[in-house]
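So the chains spell out like this:
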Amino acid sequence: MRAPHAPTIFESFNARALKPSQVAETFVPSKHYDQLVNRNNTIVVGPRGSGKTTLLKMLQQQALEAWEHGEADLFRSRIDYTGVFIATDLSWGAQIQALGDGKLDPESHKLLSIAAFTTHVLRSVIIAMLQRIATTPVSYPFRRVTLTNTDEVQLVKILADAWHIQPLIPSLLSLKQSLSVRLLHIREIASSEVTRGESGRANRLAEMTFLHSHFVEAASIATESFNDLIGESGARWTLMFDELELAPEWIQDELIRSLRTTDSVFLYKLAMSPFSYSARLLELKSGKAPVVGQDFEQIALWYAEKQQTYEFCYNLWKAMLRERGIPHRDPPKILGRSYFENYEEDNRRGSGYGPESRAAERFATLAQNDVTFRHYLMEKGINPSKLDEVPKPIMDSVVRKISSLVAVREYYRAPDRERTRQIKRRTRKAAIIYAGAESLFAVSEGNPRWFIAIVGRLLEDWLDEGRKIPAEDQAREMKKAAQRFSAMLRTIPAPPSKLLGTNRGVLSLIQAIAHYFHDQVVMNNFIAEPSLTFTVDPNTTEDMLYMLEQALNAGAVVYIPEEESELILSSLRSKRFRISYILAPLYGLPLRLGEQVSLNTILRASTDMDFDLSELPFVAGESNE
Amino acid sequence: MSRTPKVTPWNPTRQKGAYDLFIAAVGFEKRARYIAESLVIHANYRFACAFPDRKTHHYGENLDWYTRAGYIVDEVSDSEFGSWCRTVLSAIRPNAFQTRRICIDVSSLNRFRIAVLIDTLRNLDWEAQIDVAFLYSLAQFSLPPREAAPNRHVGPVMPSFSGWTLEPDRPPVAIVGLGYEEDKALGAVEHIQAASVWTFLPESINDPYMDAVRRANKTLLETIPPAQQLMYPVHRPFDSFVLLESLIQRIVRSNSPVLLPFGPKMFSVCALLVACLYPSSSVWRVSAGPEGEAIDRVPTGLVYGLQTTFLTSHSEIEQDMQYQLSVPF
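It should be emphasised that the depicted structure is a prediction, and the values quoted were computed from it without experimental measurement.

Engineer: I keep staring at the overall build of chain A and nothing clicks. Help me out?
Structural biologist: Within chain A, the secondary structure is distributed over 25 helices and 9 strands. Here the C-alpha radius of gyration of chain A, 28 Å, is about what a compact globule of 625 residues would show, namely 25 Å. For chain A, the C-alpha atoms occupy an extent of roughly 85 × 60 × 45 Å along the three principal directions. Residues classed as buried in chain A amount to 59% of the 625 residues present. Pairs at least 24 apart in sequence give 73% of the contacts found in chain A among residues at least 6 apart. Summing over all exposed atoms, chain A offers an accessible surface of approximately 26000 Å²; the carbon and sulfur share of this is 49%.

Engineer: Even after reading the chapter, I still don't get the packing of aromatic side chains, so can you show me in this structure?
Structural biologist: The geometry of two aromatic rings is summed up by the distance between their centres and the angle between their planes. Residues and elements named next belong to chain A. One pass over the structure, following the stated rule, counts 39 aromatic pairs over all chains. Relative to Tyr33, the ring of Phe27 lies with its centre 4.8 Å away and its plane at 75°, an arrangement referred to as edge-to-face. Overall, the relative accessible area of 8% leaves Phe27 in the buried class. On the basis of relative accessible area, Tyr33 is assigned to the buried category, the value being 0%. Seen in terms of ring centroids, Tyr339 and Phe340 are 6.2 Å apart; in terms of plane orientation they differ by 90°. Their pairing is edge-to-face.

Engineer: Before we go on, may I ask you to explain the environment of Met240 of chain A in this structure?
Structural biologist: Residue and element names in this part refer to chain A. By the element assignment, Met240 lies in strand β3 (residues 236–241). Distance from Met240 to Asp473, taken between C-alpha atoms, is 39 Å for residues 233 residues apart in sequence. Non-local contacts of Met240, meaning those with residues more than four positions away in its chain, are made with Leu56, Leu59, Gln60, Gly83, Val84, Phe85, Ile86 and Lys269.

Engineer: Looking at this model, I keep getting lost on helix α8 (residues 237–251) of chain B. Mind explaining?
Structural biologist: In an α-helix, one turn spans 3.6 residues; hence positions three or four apart end up facing the same way. All names here are of chain B. With 15 residues, α8 should cover 21 Å at 1.5 Å per step; its first-to-last C-alpha distance of 21 Å lies within 8% of that length. Among all positions in α8, only Pro237, Ser240, Phe241, Leu244, Glu245, Leu247, Ile248 and Ile251 are buried. The arc enclosing the buried residues of α8, seen along the axis, measures out at 165°, which places them on a common side.

Engineer: Sorry if this is basic, but what is going on with the pattern of salt bridges here?
Structural biologist: Working definition: two side chains of opposite charge can pair if their charged atoms are close together. Summed over all chains, the structure comprises 46 salt bridges over all chains. For Glu323 of chain A, the salt bridge identified is with Arg324 of chain A, shortest N-O distance 3.4 Å. Among the residues examined, Arg324 of chain A registers a relative accessible area of 33% and is labelled partly exposed. Because the salt bridges share partners, they merge into one network encompassing Arg457, Asp473, Arg476, Glu477 and Lys480 of chain A together with Lys218 and Glu222 of chain B.

Engineer: Just checking my understanding: could you explain the confidence of the model for chain A for this structure?
Structural biologist: Close inspection of predicted coordinates is inappropriate in any region flagged by low pLDDT. Residue and element names in this part refer to chain A. Per-residue pLDDT for chain A has a mean of 89; in total, 91% of the residues score no lower than 70. No element of chain A has a lower mean pLDDT than helix α1 (residues 9–13), at 60, and none a higher one than helix α9 (residues 149–162), at 98. Predicted confidence for residues 1–5 stays below pLDDT 50, and this span has 7 contacts to residues more than four positions away or in other chains. Low confidence marks residues 619–625, where pLDDT is under 50. Its contacts with residues over four positions away, or in another chain, come to 13 contacts.

Engineer: Any chance you could explain the interface of chain A and chain B here in plain terms?
Structural biologist: Accessible area lost upon the coming together of the parts is a frequently used measure of interface size. Contacts between the two partners involve 52 residues from chain A and, on the opposite side, 54 residues from chain B. At the boundary of chain A with chain B, total buried surface from both sides reaches about 4700 Å², with 59% on carbon and sulfur atoms. Applying the counting rule to chain A against chain B returns 5 salt bridges. Glu222 of chain B is paired through a salt bridge with Lys480 of chain A; the nearest N and O atoms lie 3.0 Å apart. Across the chain A-chain B interface, the total number found is 17 residue pairs in polar contact (both at pLDDT 80 or more). Listing elements by their share of the side of chain A that touches chain B, those giving two or more residues are α1, α7 (90–97), α8 (106–132), α10 (172–196), α20 (448–461) and α21 (471–491) of chain A. The residue inventory of the side of chain A that touches chain B, partitioned by class, reads 24 nonpolar, 13 polar and 15 charged.

Engineer: How should the nonpolar core be read in this particular structure?
Structural biologist: Grouped together as the largest cluster of nonpolar side chains are 152 residues, with contacts concentrated most on Phe241 and Phe534 of chain A. If one sorts the elements of this core by residue count, α8 of chain A sits on top with 13 residues. Once you skip the residues sitting within four places of it in the chain, Phe534 of chain A turns out to touch Ile513, Phe517, Leu548, Val557, Lys575, Arg576, Phe577, Val597, Leu599 and Ile602 of chain A. Counting residues in hydrophobic clusters, the runner-up holds 66 residues, among them Ile102, Met158, Tyr232 and Leu306 of chain B.

Engineer: Is there a simple way to explain the side chain of Ser204 of chain B in this structure?
Structural biologist: All names here are of chain B. Here Ser204 lies in the loop between β9 (196–203) and α6 (207–216). Judged by relative accessible area, Ser204 falls into the buried class, the value being 9%. Beyond its immediate chain neighbours, meaning those up to four positions away, Ser204 contacts Tyr209, Met210 and Val234.

Engineer: Just to check I follow, could you spell out the side chain of Ser439 of chain A for this structure?
Structural biologist: Residues and elements named next belong to chain A. On the secondary structure map, Ser439 appears in helix α19 (residues 437–444). Overall, the relative accessible area of 2% leaves Ser439 in the buried class. When residues no more than four places from it in sequence are discounted, the contact partners of Ser439 are Ser338, Tyr339, Phe340, Ile433, Tyr434 and Leu591.

Engineer: I'm lost on unusual backbone geometry in this one. Help?
Structural biologist: Leaving glycine out, the prevailing phi sign among residues is negative, and the prevailing peptide bond configuration is trans. All names here are of chain B. Within the chain, Val40 stands out as a residue other than glycine whose phi angle is a positive 45°. With respect to the helices and strands, Val40 occurs in the loop between α1 (34–38) and β3 (43–50). For Asp183, which is not glycine, the phi torsion reads 55° and is therefore positive. Mapped onto the elements, Asp183 comes out in the loop between β8 (172–177) and α5 (184–192).

Engineer: Explain the sheet that holds strand β8 (residues 576–579) of chain A here, please?
Structural biologist: Residue and element names in this part refer to chain A. If you walk across this open sheet you meet the 4 strands as β7-β8-β6-β9, and the pairing is mixed. Each end of this open sheet is capped by a strand with a single partner; those strands are β7 (557–559) and β9 (595–598). Direction aside, the axes of adjacent strands within the sheet are offset by 40° on average. Alignment of strand β6 (residues 531–535) against β9, held across 4 bridges, turns out to be parallel.

Rules behind the numbers
- Residues numbered from 1 in each chain as written.
- Chains lettered and ligands numbered in written order.
- Predicted model: local features only at pLDDT ≥ 70, side-chain atom pairs only at ≥ 80, totals over all residues.
- Heavy atoms only, no water.
- Helix = DSSP H or I, 4+ residues; strand = E, 2+ residues; numbered from the N terminus.
- Rg over C-alpha atoms; globule rule 2.2 N^0.38 Å.
- Buried < 20%, exposed > 50% of the residue type's maximum accessible area, 1.4 Å probe, protein only.
- Contact = heavy atoms within 4.5 Å.
- Areas by Shrake-Rupley, 256 points an atom, 1.4 Å probe, with all protein chains shown as cover.
- Phe/Tyr/Trp six-rings, centres within 6.5 Å; stacked < 30°, edge-to-face > 60°.
- Expected span 1.5 Å × (residues − 1).
- Arc of directions from axis to C-beta.
- Salt bridge = Lys/Arg side-chain N within 4 Å of Asp/Glu carboxyl O.
- pLDDT = per-residue confidence, 0-100.
- Buried area = accessible area lost by both parts, 1.4 Å probe.
- Polar contact = N/O pair within 3.5 Å; in protein donor to acceptor, adjacent residues only side chain to side chain.
- Nonpolar A, V, L, I, M, F, W, Y, C, P; charged D, E, K, R; others polar.
- Core = buried A, V, L, I, M, F, W, Y, C linked by side-chain atoms within 4.5 Å.
- Pairing = 2+ DSSP bridges.
- Axes fitted to C-alpha atoms, helices over the stretch in contact; angles between N-to-C directions.

Next up, the structure:
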């Protein structure tokens, strides 16, 4: 059954805009969802667009009742709890922040903002209850129960008393509306307190008992009472907090601490960005920190290495074809093969490196055009015109290893003979080397929002289903996606930075890093192991750290964890990152990990950016590489 | 409780008698004194606020002109501007129920200051009715900034225009007045992760400007359904207000509107006045602050305006809340 409202392009990129039933229409279960449905506390970690909201929404009853996938019944049978989705977004976060127009003392502001958030949580609990007792027909009724009128009246009376609220009539719907009115009331209190001033404020606020409700205690009264009335005593409810970092800090801290509670009526599913101040609570050494694997599980929605994205993208690809009524075909059949990979079927002699293979042509061309690469091959004893005769150990340790670097270098570097005084970049308008299924999947980073944006447009414009989608079209859509993403990066507010200068922000920092990596691969003398990842120096300044934190949460840089358990960071210092592959077509970067280099080294080398290097802390013994 | 603005067209031929107060800005743009100089605004009190930064282009001559013309000129920072507004308005505080008439030239005010002025006006605790003419001097086409400076502020234009939704689970919808800075609107829309986007393209007599706006927003416009791409007449601010108000009236029923008024400043005035009527909507500002490039604006000689009466009635605010509360589950 299709939803009556067809999502626009923005809506289809953003699960927050969709009703749970709309999310279910195209949802494809993944290993992440498989982990998420487990009956345990979970933190879902990922940058924006990585699918956190989609996953959480798929635990809502409305989504499960509309979901028609072949494995849906299996998942439905595993979910024995009620999902309560607590939505948050930037504008709601800004509204809470602005309570009292910035004129309240911090304690009063904290009290009122927590009260507003608590009201939002309680309202979400009531919405979930209304879903449980709904009688509207659906495809797959799920965990529906009957609550008699008498029981509903009794429940509402209990809650009205506990929550200090007076619904107009004793129904859950009226209670929900009363909670909306309470939100209005909280804002009025904030405005009124600004006018009345600080004198006597503490007493006035203390007398308003509803401002002091603890959201977990208040919600548990509701769920326990509901459970008792429907005969499901002890049944679990799952509080699912989206975009947790936008909630008031006290709420964030409470929820992180709650992960340790074993006897709670609630399970918690928290969606967070990779960087969060609250993560410091996960790092406490006092034995009070919740422990991964013991108190909660973590799900990382990003992929340090490109191969990890393939399965997710492949499944999304299948779903997108199905949604458009296109018979299934493997991605390479429509998108072609990746420019970076070498396939045996590419030439007659059965090797991806035979004389007429793409790889052999690239090696030969680059060797002809680039003296440093020619010298490198000579040192290794490799004849570029006879690549398939290279002994297997050298083939594996050298040729295959540098193959993708050679592809990028050959594509973007002008021949030596064309240079006048310095090495030149080639003018390449279309980044067609990133076309092909495997590359396009890697460029999407397995980020559903980006993948849907790129592939959705390509499939829309694909008129001749007998032919592959041209590489130029793929390159164009990938570049557009990168430009949209860059526009967003440019919008992120940045503090003034002495080092970067007044005219530079988050995007400029990313550009400096990307240009450095591009130079390593394309412009400088050829090396087999160029730096393509960076570590943040321990002495990195606060303004730079702030920009990197924003870049990480936006998905512009990708965290490469040393330990699998450490997915949420409270500090970026000494951590390793790479530039997101979504930006590769803009900056000419290979789709692979490489050696690591310190951020300070990159900034020192960025001479064309006119940074104020005197602002860069110097550490004795640090090399400039 | 704050006042409700009642907006009507501004008719220059019907502007009889002196204003009680005229407020202008001593900016660096050539047009900063056009209205004051050419319309010869008669007012009992005439104030001009100067900026402590970007004293470039025509700033010096504008400062001289306002001073020689007898204006009270004060240099105030953005953080002092609210206090300055209250002081200036206190000069015309009425003793009884007499109507006060104010004229404000918004052409060279920044968006933050326009918001502060409107916020101050709607919160005046006078019994009197307040009539305000917001005037705007249309500038000739000038090239957009060469390089976008990093943003220092992305968020509600000021805390009291943050909006307040009664249903936080309603996703935000962006209503964007388009300007000609390349991909600025796109970046803002992506930043707030809007569920849906409506764009307002300024329909101007200034053809190069319209073309530049379209070019700068090409990537964004490609993704917006044509039905959600609206045009508004820059030369008829009242029509723009009505168009915007009717859209917001519809959107607040199911979403939280976030207004992003880039482009001509009169659209910012419209957005702020609409937000006064619909408190669940917020008005955002994306700004590089004083580090943004100072672009001179030369007046075309065309002046547009919007007449606003700040009423003490709350009927329309209550109506908005009723909308939000009446949406069935």
